[in-house]
Amino acid sequence: MDDSGAILCQLSALKDMLDQVNEEIEANFQITRDIESEIVKCSEFERTLAVRESELMKTMYMFQFEIKGLMAMNGNETFSNFLMFHTFIPCESLEHTFVTSLR
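Residues numbered from 1 in each chain as written. Predicted model: local features only at pLDDT ≥ 70, side-chain atom pairs only at ≥ 80, totals over all residues. Heavy atoms only, no water.

Undergrad: Which parts of the structure should I look at to understand the overall build of the protein chain?
TA: From N to C terminus, the protein chain includes two helices and two strands. Residues counted as buried form 5% of the 103 residues belonging to the protein chain. Considering only contacts in the protein chain between residues 6 or more positions apart, those separated by 24 or more positions represent 27%. Working note: accessible area of the protein chain is about 9100 Å², and carbon and sulfur atoms make up 64% of it. (Helix = DSSP H or I, 4+ residues; strand = E, 2+ residues; numbered from the N terminus. Buried < 20%, exposed > 50% of the residue type's maximum accessible area, 1.4 Å probe, protein only. Contact = heavy atoms within 4.5 Å. Areas by Shrake-Rupley, 256 points an atom, 1.4 Å probe, with all protein chains shown as cover.)

Undergrad: What is the right way to read the pattern of salt bridges from this model?
TA: As a working rule, side chains carrying opposite charge can pair if their charged atoms are close by. Summed over all chains, the structure comprises four salt bridges. Put simply, K15 and D19 hold a salt bridge, and the shortest N to O gap is 2.9 Å. Placement of the pair is K15 and D19 together in helix 1 (residues 2-74), with a separation of four residues, close to one helical turn. The exposure class assigned to K15 is partly exposed, which follows from its relative accessible area of 49%. Take D19: its relative accessible area is 28%, and that puts it in the partly exposed class. (Salt bridge = Lys/Arg side-chain N within 4 Å of Asp/Glu carboxyl O.)

This is the structure:
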């Protein structure tokens, strides 16, 4: 009888350890789900930024085209000279703003 009591005590201890391991595994699953959720949010934000970058680049090229057309029609040498020494350069940052720099 003492042997069966010792075996039941060991089984109970093993079950407690198994329950603890299962709780840790579930906690790790939750952390993994949280990380995956953040990755999805970042991917969506990245797509939004890519669309915005595309829109800004399109706008920049339209403005450059319009400015060159106005220069060709107007022939204003002062304005033309100003634009010759300034170039629009897209920044490689998340904001993708545009700066002017002297050549």
